[in-house]
Each structure stands twice: as C-alpha cells, then as structure tokens.
Amino acid sequence: MIFLRGGFRQTFFAAVALLAGMASAPAGSAGSTSVEPVEVSARPITEFQISRAEKQFGSLEFVGGLEMTSRTRDFGALSAFRFLRGGSDFIGVAETGFWFFGTVVRDADKRPSGIRNFRMQQMVDTSGQAIDKKWEVDAEGLAVKDGIATVGFERNHRVARFKIDPADMKAPLRQLDFLVPARELRQNRGFETVTHANANSQHQSGLVVVSEKSLDKAGNIYAAIIEGPHKGVFTVKRNGDFDITDGAFLPDGDLLLLERSFSMASGVKMRLRRIHGESVEKGAVADGPVLLEADMGYQIDNMEGLDVWTRDDGALMVSLISDDNHSILQRNLYLEFILHQD
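In this text, all values refer to a predicted model and were calculated from it rather than measured experimentally. (Residues numbered from 1 in each chain as written. Predicted model: local features only at pLDDT ≥ 70, side-chain atom pairs only at ≥ 80, totals over all residues. Heavy atoms only, no water.)

Draft legend 1. View of the nonpolar core. Core analysis: the biggest nonpolar cluster contains 28 residues, and Phe48, Met270, Leu272, Leu306 and Leu320 have the highest contact counts within it. Mapped onto this core, the elements with two or more residues apiece are β4 (60–69), β18 (255–263), β19 (267–275), β21 (290–294), β22 (303–310), β23 (316–322) and β24 (332–339). Looking at this core, the element that brings in the most residues is β24, giving four residues. Contact partners of Leu320, with chain neighbours within four places excluded, come to Phe81, Leu258, Met270, Leu272, Met303, Gly305, Leu306, Leu333, Tyr334, Leu335 and Phe337. Counting 23 residues, the second-largest nonpolar core is a separate cluster that includes Val63, Phe75, Phe90 and Ile321. (Core = buried A, V, L, I, M, F, W, Y, C linked by side-chain atoms within 4.5 Å. Buried < 20%, exposed > 50% of the residue type's maximum accessible area, 1.4 Å probe, protein only. Helix = DSSP H or I, 4+ residues; strand = E, 2+ residues; numbered from the N terminus. Contact = heavy atoms within 4.5 Å.)

Below, the structure written as structure tokens:
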C-alpha cells in the first residue's frame, strides 16, 4: 500500500459540489435521439502529484492524463467507460442518461495527448424516445463483450444489455437478474461495477456486479456473479470510508476496484484496491490490498470510471476517468498508469 498526502486543495466547495451533483439531471430533452458531435478540448496532465515530477507510486507508474472540457452543455457526468480498441476507441455512459464514444489520441511516447471524434447520444426507451428522467437513466457501470454493452443503473436498479451501434444506440435487448435482493440496494448506491471475468477463470467470462455502498448486516458491500457456472451473491469487505465506483479484472484473475471517499473536512479521495480473485465466489467476503490512495494534493477529482487494457508493447494499463457532476467546481479527467506486476 502507498498512501499519498497533500491536502492544500481540499475545500468545502469541492465536497458541496460532489453532493449537489448527485442530483443532477440530464441536459438533453425528451424526443431528441440524434448522435451529437462534441468538440472536446484536452489539456495534458504530466504530473500526478501536483508540482512533483515523481512517476512511480508503488506498483503503479503514472503515464499521463488529460483535463477535458467542452462548450457543449451535455458533456460531463462521465461515470463509466470501456475501450473497444485498447487505449484508443472507447464507449461510455454518463449518469445523466447518455452514451458517449470517442478516441484517445497519443503522442510519440504513447502518452495521451487529446480526444477526437467524441459524440454523445441520449438513451432511449422501447419506442425510440429519449428518456429525460434522471432516476430512470442513472447509468453507472459498464461492461463490453462481443459487441454487447451491459449497463448497471442506480435508483431504478437494473442491469441491462444493449447492442453496440455508435451511430444509433437503441433500447435494451433485455434485462438480467442481478441476484442481490432488490430490497438490499440503496437508492443511490447501486451497481457501479459491471465487469466480465476472464475467459480462463473459474467464472468463464461471467458477469460480475458490485454495488457502490449497499451494505449487509456485517457492513460489507453487496456484489454478485450473475453469469457463468458459479453464480451467486458475495460481498466485498468495506475498508474505511471508501465506496466502490468501478472495477475490472486483471489478467491473473484479480479484481481491480476503483474507490472514492469524500467529506467536508478532507475533500475527495480515490483509491485502487486489488481484490484476490479466489475470494470472488458465492458466499465469500472478497478482500485484498490497497495499491494506491490519493487525496486532492494529486490530480484527481470524483473518480468514477476504470478500465484495464494491454498496450501494444505488452504493458498492463489502468485508465481512470472522473465525473464532474456538471459542476463548475469539478473536472472531467482522464488518467493513465502502468501496473507493474513484478
């Protein structure tokens, strides 16, 4: 574990913005389902620790990042993403009920340098009409496999499958049984992690979902394996005051979780925790070590999305995005690390 300190940017206003943003509503309007091209400006981030050139943070090596802005009012509230092509083309969901697509541009040293071809489309109902009620389209988690996107929604808790068509995303194909009793899911603390297990693991590419902060009587976080040969409910041990915002399986079968905490006193923090793969099983309490913990002395914000991918030189990459809650006091960030395995 490495614990990073530096609270000089922690403010009352950042915490207030995070709280207020949880109630944000979609900016789009019902009936509008066209794909919207969005011009995104991206300022490169070269230092993870503010005003420090250090690149190595435990087993994680900072590669670079982007601070993304746009004049388009729908841009923001980015809650989950997955690469369709490693480190390049991506798909994502916003908590305001939008799909988004785009491409990460890189410099000669493989560092992220910009975003191109970004576009957004509002989620639609079975009649093809845009949905503008926040509680119906609070999209928080995303998994991608074989041309299908699986999305976890909060408030109106559900896990739904969609065919991926960047030119025309339609209504869900079907909903999945998420196994966790619905009465145990808190309104704004539902499934933020939706991810496929590895094909060669005990769960054979099965879908795993983890809630943000729906707790059992022991104070652990509800989760479930909802596909595969070993389906069932399990929990993740809650460690401190951190909630789970996303996750993805590593090549060795461990589950990498992105976690976030915030308070009026200390502001926003983020953490990466590596859950032992063998503890992800029906009836178990899954747990594992913290790899990285950072506060507002680092280039973080409300970190919500995570993906794991392999670079063309074989490096194991971890990419993160933040959700600005459509607040002028928060930022949309993209951060990239190499996860060293030795």
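Read on, since the account is not over.
Draft legend 2. Inspection of the environment of Gly267 at higher detail. Structurally, Gly267 is set in strand β19. Classification of Gly267 as buried rests on a relative accessible area of 1%. C-alpha separation for the pair Gly267 and Gln129, spaced 138 residues apart in sequence, amounts to 39 Å.

Draft legend 3. Geometry of the pattern of salt bridges. Counted under the stated rule, the structure contains 26 salt bridges. A salt bridge links Arg274 to Asp254; the shortest N-O distance between them is 2.9 Å. Of this pair, Arg274 sits in strand β19 while Asp254 sits in the loop between β17 (243–249) and β18, and the two are 20 residues apart along the sequence. Connected through shared salt-bridge partners, Glu259, Arg271, Arg273, Asp287 and Glu293 make up one network. (Salt bridge = Lys/Arg side-chain N within 4 Å of Asp/Glu carboxyl O.)

Draft legend 4. Spotlight on the side chain of Ser211. If you trace the backbone, Ser211 turns up in strand β14 (residues 207–215). Overall, Ser211 belongs to the buried group, its relative accessible area being 0%. Here Ser214 takes part through its backbone nitrogen, which lies 3.4 Å from a polar atom of the side chain of Ser211. In this structure the side chain of Ser211 is engaged in a polar contact, spanning 2.9 Å, whose partner is the backbone oxygen of Tyr222. Once residues within four sequence positions are removed from consideration, Ser211 is found in contact with Leu185, Arg189, Gly190, Phe191, Glu192, Ile221, Tyr222 and Ile244. (Polar contact = N/O pair within 3.5 Å; in protein donor to acceptor, adjacent residues only side chain to side chain.)

Draft legend 5. How the structure looks around the packing of aromatic side chains. Tallied over the entire structure, the rule returns 17 aromatic pairs. Here the aromatic rings of Phe90 and Phe118 are separated by 6.2 Å at their centres, their planes lie at 55°, and the arrangement is tilted. With Phe90 in strand β6 (residues 89–94) and Phe118 in strand β8 (residues 112–122), this pair connects stretches of sequence that are 28 residues apart. Across the pair, Phe118 and Phe90 agree in class, each one buried. A connected cluster of aromatic rings, assembled from ring pairs, spans Phe75, Phe81, Phe83, Phe90, Phe100, Phe118, Trp309 and Tyr334. (Phe/Tyr/Trp six-rings, centres within 6.5 Å; stacked < 30°, edge-to-face > 60°.)

Draft legend 6. Spotlight on the sheet that holds strand β11 (residues 158–163). Pairing is antiparallel across the open sheet formed by four strands, whose spatial order is β9-β10-β11-β12. A single partner strand is all that each edge strand has here, and the edge strands are β9 (139–145) and β12 (174–176). Ignoring strand direction, the axes of neighbouring strands in this sheet form an average angle of 30°. Here β11 pairs with β12 via three bridges, running antiparallel. Across the sheet, the residue bridging to Ala160 is Gln175, located in β12. (Pairing = 2+ DSSP bridges. Axes fitted to C-alpha atoms, helices over the stretch in contact; angles between N-to-C directions.)

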